[in-house]
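# Structural overview for review
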Amino acid sequence: MGIVLVLFLVLIGWLFYRYLSQGRLDLLKSDITGPGQAPEDILKQRLAEGKIDKKEYARIRRTLHS
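Predicted, not measured: the structure shown is a model, and the values here were computed from it. (Residues numbered from 1 in each chain as written. Predicted model: local features only at pLDDT ≥ 70, side-chain atom pairs only at ≥ 80, totals over all residues. Heavy atoms only, no water.)

## Describing the packing of helix 2 (residues 39-48) against helix 3 (residues 54-65)
Direction vectors running N to C along helix 2 and helix 3 enclose 175 degrees, while the axes themselves pass 10 Å from each other. One element, helix 2, and the other, helix 3, form an angle in the roughly antiparallel class. Side by side, helix 2 and helix 3 meet where Pro-39, Glu-40, Leu-43, Lys-44 and Leu-47 of the first sit next to Lys-54, Tyr-57, Ile-60, Arg-61, Leu-64 and His-65 of the second. Here the contact of helix 2 with helix 3 is built from residues that sort into six nonpolar, one polar and four charged. (Axes fitted to C-alpha atoms, helices over the stretch in contact; angles between N-to-C directions. Helix = DSSP H or I, 4+ residues; strand = E, 2+ residues; numbered from the N terminus. Parallel < 35°, antiparallel > 145°, perpendicular 65-115°, else oblique. Contact = heavy atoms within 4.5 Å. Nonpolar A, V, L, I, M, F, W, Y, C, P; charged D, E, K, R; others polar.)

## A look at the pattern of salt bridges
Using the criterion set out here, one finds three salt bridges in the structure. Residue Glu-49 pairs with Lys-51 through a salt bridge whose shortest N-O separation is 3.2 Å. For Glu-49, a relative accessible area of 44% puts it in the partly exposed group. Across the pair Arg-59 and Glu-56 runs a salt bridge, and its minimum N-O distance is 2.7 Å. On the criterion of helical spacing, the pair formed by Arg-59 and Glu-56 is a turn pair, its members being three residues apart in helix 3. (Salt bridge = Lys/Arg side-chain N within 4 Å of Asp/Glu carboxyl O. Buried < 20%, exposed > 50% of the residue type's maximum accessible area, 1.4 Å probe, protein only.)

## Overview of the side chain of Glu-40
For Glu-40, the position within the fold is in helix 2. Polar side-chain contacts of Glu-40 include one of 2.9 Å to the side chain of Arg-61. (Polar contact = N/O pair within 3.5 Å; in protein donor to acceptor, adjacent residues only side chain to side chain.)

## Side note on the environment of His-65
When you line up the elements, His-65 lands in helix 3. With 25 residues separating them in the primary sequence, His-65 and Glu-40 have C-alpha atoms 9.5 Å apart. Among the polar contacts listed, one links the side chain of His-65 to the side chain of Glu-40, at a separation of 2.9 Å.

## Quick look at a nonpolar patch on the surface
On the surface, Leu-5, Phe-8, Leu-9 and Ile-12 cluster together into a nonpolar patch covering about 400 Å² of accessible area. Tracing the sequence through the fold places Leu-9 in helix 1 (residues 2-22). On the basis of relative accessibility, which here comes to 52%, the residue Leu-9 falls in the exposed class. (Patch = residues over 30% accessible without salt bridge, like charges linked within 9 Å, V, L, I, M, F, W, Y side chains within 5 Å. Areas by Shrake-Rupley, 256 points an atom, 1.4 Å probe, with all protein chains shown as cover.)

In structure tokens:
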């Protein structure tokens, strides 16, 4: 029982350290967008891959900036 408590406290300390050192918990962040990708970067990537056209890109970009 004692070792479980120690391991739990170490885990909490490690998560707290990561949070303070990076400003966010990347461990708990979804990997859907990849690490640190901003919405506008994803939008540019979709345009480059041909998934959206320039008109759709401009519309979504205006929405992001409003």
